[in-house]
Every structure is written in C-alpha cells, then in structure tokens.
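Structural features, examined
What follows is the residue order along each chain.
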Amino acid sequence: MAAKFLLESGASSYPLALVDIIKNRMNELRCCYITEDKAHLMDEDWDPFFCSSRGIREATTVYYPKNDAYIIYHNTLIATNRRNLWSIAHEIGHIVLGHLKDFDETSHFKSISDDDYRILEKEANFFAAQTLSAPYILDDMGVSSEKDIQRICGISKEASEYRIAQFKNALIFGIYQDEAMVRKSFSAYIEKWNARRIAFEEVII
Ligand SMILES: [Zn+2]
C-alpha cells in the first residue's frame, strides 16, 4: 500500500512533501488537512486532539460517512518538524488501509478494544515507515545509518531507529512490482545522491 501511495503521489525524492501531496490528491484520497488553528471552526465543542482514554494526540483523522470523506487534524504545536511528517504519514496510513471505515463509522477508534487499537497503530506506523523511508530506496542509496536516515527522510530519531530495526527483514523477500516502479521514479534522485556520495568519499580518501 505504501508503494502504491508513493507511486500515485508522483513521489521521486526524500523527504516527502506530504502536506502538498494531500492537497494535490484531496479528491482522490477524499481527505483534507486541517491544523490546530482551524480545528475549532469545524466544531466548537469538540477538541480533535484530546481523547480521554488515549491521551492528547499530535494528529487524528475523522471519517465522515455521510460524505465518505476524511479530515486529518494536525496539531503542529506539539510536534517538531520531524515528528510532523511521521504523524501525517501515520494518519494517511489509517485512511488508505481502510481502518476508520472498518472499525468505527464516526470517530477515531472510540469503540475498539485496546488490543485491536494497538494492531491498527502498528499497521499505520509500518505504512509511515515504508512511505517516508522505503528500505529499497535507502538500500539503493547505500544508506544504513540512523543519522543519515533521519537527515535524508526528515524523520525523528525514534522513527529512524524503528526503520533500522526492520531494515533487514524488509529486504529479505525482495521487492514487489509497485516498489520496483517507485524505485524507477526515484532513480534520478538516487543517482544524484550516489554521485555526490562517491565524490565525497574520493575527497576524504
Ligand atoms: Zn493512529
């Protein structure tokens, strides 16, 4: 799903411009993006970032069945830039994986068990990792250090640690057709990166 999303979004380099992607694909994804300063305009009595049992959220997505549409609410005030990218990718994961339609028709997982919630969160995080830091792209770039992943993909230390932990497993079964096509879209970017890296390595030798 992550590769399909990258492909359909026309992504060709990292870090991804996710907010622009959402804005460009609003109709197809049936979602719009709202930050904390505009959230109160939707409903004065409701705070999308507060959920009593599961704490304050950086981002949340609400599905509106009547319109078959989603709103991604994003609290940019409590997240750093690096966390921001992950939070949005995580919410897009919930949308494209159909979590909100399958599990709760009106709100963000209010009625599901903690176990189910954890599974959905894991799936959304996996989607975010595959979207923001696709292992087959990073492998082509010869990138495997946590610091480089952070810098190149614009993600947090925690997220790049998560990426590293899964790196080998992610590549063990080879890559799928969609992933091969994403690799093609990224080829100019990868080539440029490798040329720079080789030139840099020659300088320090
Ligand atoms: Zn979530």
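Residues numbered from 1 in each chain as written. Predicted model: local features only at pLDDT ≥ 70, side-chain atom pairs only at ≥ 80, totals over all residues.

**So, the overall build of the chain**
When you go through the chain residue by residue, the secondary structure sums to twelve helices and five strands. Looking at the chain as a whole, 34% of its 205 residues qualify as buried. Taking all contacts inside the chain whose residues are at least 6 apart in sequence as the whole, residues at least 24 apart take part in 66%. (Helix = DSSP H or I, 4+ residues; strand = E, 2+ residues; numbered from the N terminus. Buried ≥ 20, exposed ≤ 12 C-beta atoms within 10 Å, placed from the backbone. Contact = placed C-beta atoms within 7 Å.)

**With respect to the nonpolar core**
Counting 43 residues, the largest nonpolar core has Ile-72, Ala-89 and Leu-132 as its most contacted members. Not counting residues within four places of it along the chain, the set of residues in contact with Ile-72 comprises Ile-22, Cys-31, Tyr-33, Ala-59, Thr-61, Ile-88 and Glu-91. (Core = buried A, V, L, I, M, F, W, Y, C linked by C-beta atoms within 7 Å.)

**Digging into the confidence of the model for the chain**
In low-pLDDT segments, the atomic positions of the prediction should not be examined closely. Here the chain shows a mean pLDDT of 85. Residues at 70 or above account for 85%. Within the chain, strand 2 (residues 50-51) has the poorest average pLDDT of any element, 59, and helix 1 (residues 2-8) the best, 96. (pLDDT = per-residue confidence, 0-100.)

**Description of the environment of Thr-131**
By the secondary structure assignment, Thr-131 is in helix 7 (residues 114-132). For Thr-131, a count of 28 C-beta atoms within 10 Å puts it in the buried group. As a C-alpha pair, Thr-131 and Ala-89 span 42 residues in sequence and 7.3 Å in three-dimensional space. Every residue in contact with Thr-131, bar those within four places of it in the chain, is listed here: Ala-2, Phe-5, Leu-6, Leu-16 and Ala-89.

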